[in-house]
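Listed here are the chains, written in short residue letters.
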Amino acid sequence: MSSYMNTRELAKYLGINEKKVYSLIEEKGLPGTKVTGKWGFIKELVDIWLENSTENYPSVLHRLKGFLMVAGSNDPLLEFALDEVARGDKGFFPFFCNTGSTEGLLMLKEKKVHIAASHLLDQETGEYNICQAASGLSEHKLVVINFAYRKQGLMVKKGNPKKIMGIEDLAKKGTRFANRQKGAGTRVLMDSLLKKAMIPISAVSGYDNEVSTHLDVALRVLRNEADAGAGIMATANLLGLGFIPLKEERFDLLVPREYFFAEEVAALMDIIRSERFSKEAARFGGYDTRDSGKVIYTC
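Residues numbered from 1 in each chain as written. Predicted model: local features only at pLDDT ≥ 70, side-chain atom pairs only at ≥ 80, totals over all residues. Heavy atoms only, no water.

(A) Expanded view of the overall build of the protein chain. Looking only at helices and strands, the protein chain features 12 helices and 12 strands. Its C-alpha radius of gyration of 24 Å places the protein chain more than 25% over the 19 Å reference for a compact globule of 299 residues. Projecting the C-alpha coordinates of the protein chain onto the three principal axes gives extents of approximately 80 × 45 × 35 Å. For the protein chain, the proportion of its 299 residues judged to be buried stands at 49%. Accessible area for the protein chain stands at about 15100 Å²; split by element, carbon and sulfur atoms hold 53% of it. (Helix = DSSP H or I, 4+ residues; strand = E, 2+ residues; numbered from the N terminus. Rg over C-alpha atoms; globule rule 2.2 N^0.38 Å. Buried < 20%, exposed > 50% of the residue type's maximum accessible area, 1.4 Å probe, protein only. Areas by Shrake-Rupley, 256 points an atom, 1.4 Å probe, with all protein chains shown as cover.)

Structure representation (C-alpha cells):
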C-alpha cells in the first residue's frame with residue numbers, strides 16, 4: 001500500500017467507513033492534511049497514531065533486555081547498589097533518573113521505568129509510600145520492597161555554630177536554609193514538620209532555595225551559602241558536616257508485579273539482601289537495613 005492515502009484508501013486500511021474517518025479526525029486526533037484540498041493521510045503517521053491510541057500496549061521496557069531503569073529519590077546507598085548490579089557478571093546496565101519521589105512514581109505510572117525509589121510520607125497515616133501505591137498506582141499491581149531506613153534531618157556546618165537543634169530553629173533571624181524541590185520526599189517531610197510546629201514557610205529564610213539532591217543541599221552548607229539544609233545523615237557524613245536527626249524514614253522501592261521477577265530486578269534484590277550491602281550501609285552511617293529486601297506491601 002502507498003505511504004500516502006486518500007480517505008477511501010484509509011477507510012479500507014482501518015476497516016471502517018469513510019464517514020468514520022472524518023469523525024476520527026475531529027474527535028480522536030487522527031493525523032491528516034488538506035493541503036491538496038482533500039484529506040490525505042501518511043501511513044506511517046497513522047500507524048504511530050494507532051500505536052499511541054492502543055490501550056494496555058506493552059511499554060518499551062519489555063524490549064530493554066539487560067537494562068534496569070530506576071527513577072525517584074536520590075540516595076548514595078542506592079547508587080552503590082546499582083553500581084554493584086553493573087559490576088556483576090550478567091552484563092546488566094542500570095540507569096538512574098534523579099527526579100524526586102513524586103516524579104519517580106509518575107514515571108512508574110507512565111511505564112517509563114522498572115522501579116521507583118520513594119520515601120513519601122502520608123501526613124494523615126504517618127505511613128510511607130503505601131497510600132501512593134494503593135491509590136494513584138493501584139492499577140499497576142505494585143510490590144513495595146524496603147530498601148533501607150534512613151535518618152532524615154538537618155545538615156549543618158561542622159561544630160554547628162548556629163546552635164541549630166531542631167525544626168523551630170530554622171525560623172531564627174539570620175538562619176539561612178537550603179531546601180529540596182517540591183515533590184521530593186524530603187520536602188514533603190519538611191512541609192509536614194513545619195506545619196506540625198505551626199511555623200509558616202515564610203518565616204524560614206531560604207525555604208524556596210531549592211536544589212535537586214541531598215548532595216546539592218550539603219554543598220550549599222559546606223560553601224557557607226546556607227546554615228542548614230534538609231537531607232540525610234549519610235550525605236552529611238560524606239562531607240564532614242554536622243547532622244541534626246529529625247525522623248527515621250522508610251525508603252522503599254516500588255516495582256510493578258510484571259517486572260518483579262525480571263532478572264535485572266532480581267539482581268538488585270540480591271544486592272540489597274546481601275551482607276556487603278549491610279556493611280556498606282554501616283560505612284555510610286545513618287541507615288538501618290533491618291528490613292532491606294523485605295516485601296512491605298502488595299496491591
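From this point on, the discussion continues.
(B) Looking closely at the pattern of salt bridges. Taken as a whole and assessed by the stated rule, the structure comprises 20 salt bridges. For the salt bridge of Lys157 with Asp227, the shortest nitrogen-to-oxygen distance reads 3.4 Å. Of this pair, Lys157 sits in the loop between strand S6 (142-156) and strand S7 (177-180) while Asp227 sits in the loop between helix H8 (214-222) and strand S9 (228-232), and the two are 70 residues apart along the sequence. A salt bridge links Glu225 to Arg220; the nearest nitrogen and oxygen atoms lie 3.5 Å apart. (Salt bridge = Lys/Arg side-chain N within 4 Å of Asp/Glu carboxyl O.)

(C) Geometry of helix H11 (residues 263-272). When you tally the buried positions in H11, you get 7 out of 10 residues, the bulk of the element. For H11, the set of buried residues is Glu264, Val265, Ala267, Leu268, Met269, Ile271 and Ile272.

(D) The arrangement of the side chain of His214 in detail. Position of His214 among the secondary structure elements: in helix H8. Ignoring sequence-local partners within four residues, the contact set of His214 consists of Ser73, Asn74, Arg150, Gln152, Met155, Arg180, Thr186, Ala230, Gly231, Ile232 and Thr235. (Contact = heavy atoms within 4.5 Å.)

(E) The arrangement of unusual backbone geometry in detail. With a phi close to 50°, Asn160 is a non-glycine residue in the positive phi region. Residue classification places Asn160 among the buried residues on the basis of a relative accessible area of 12%. Backbone geometry places Asn224, a non-glycine residue, at a positive phi of 65°. Tracing the sequence through the fold places Asn224 in the loop between H8 and S9. Overall, the relative accessible area of 42% leaves Asn224 in the partly exposed class.

(F) Local environment of the environment of Asp216. Tracing the chain through its elements places Asp216 in helix H8. Exposure remark for Asp216: the relative accessible area of 28% places this residue in the partly exposed category. In this structure, the C-alpha to C-alpha distance between Asp216 and Arg180, residues 36 residues apart in sequence, is 8.9 Å. Looking at Asp216, its side chain comes within polar contact range of the side chain of Ser212, at 3.5 Å. (Polar contact = N/O pair within 3.5 Å; in protein donor to acceptor, adjacent residues only side chain to side chain.)

(G) Fine view of the packing of helix H1 (residues 7-14) against helix H2 (residues 18-28). The N-to-C vectors of H1 and H2 enclose an angle of 90°; their axes lie 9 Å apart at closest approach. For the element pair H1 / H2, the angle class is roughly perpendicular. Contacts between H1 and H2 pair Thr7, Arg8, Leu10, Ala11 and Leu14 from the former with Glu18, Val21, Tyr22 and Leu24 from the latter. Here the residues of the contact of H1 with H2 sort into 6 nonpolar, 1 polar and 2 charged. (Axes fitted to C-alpha atoms, helices over the stretch in contact; angles between N-to-C directions. Parallel < 35°, antiparallel > 145°, perpendicular 65-115°, else oblique. Nonpolar A, V, L, I, M, F, W, Y, C, P; charged D, E, K, R; others polar.)

(H) The arrangement of the packing of helix H4 (residues 76-87) against helix H12 (residues 275-284) in detail. Relative orientation of the contacting elements H4 and H12 amounts to 150°, with a least axis distance of 10 Å. Helix-helix and strand crossings are classified by hand; for H4 and H12 the assignment is right-handed. Of the residues in H12, those touching H4 at Pro76, Leu77, Phe80, Ala81 and Glu84 are Arg276, Phe277, Glu280, Ala281 and Phe284. For the contact of H4 with H12, the per-class residue count stands at 7 nonpolar, no polar and 3 charged. (Left-handed = near helix turned anticlockwise from the far one by under 90°.)

(I) Geometry of the nonpolar core. Grouped together as the largest cluster of nonpolar side chains are 33 residues, with contacts concentrated most on Leu77, Phe147, Leu253, Leu268 and Ile272. Once residues within four sequence positions are removed from consideration, Leu253 is found in contact with Leu78, Ile115, Ala116, Ala117, Val143, Val144, Ile145, Phe147, Leu268, Met269 and Ile272. Membership of the second largest hydrophobic core comes to 18 residues, among which are Ile167, Phe177, Met190 and Ile244. (Core = buried A, V, L, I, M, F, W, Y, C linked by side-chain atoms within 4.5 Å.)

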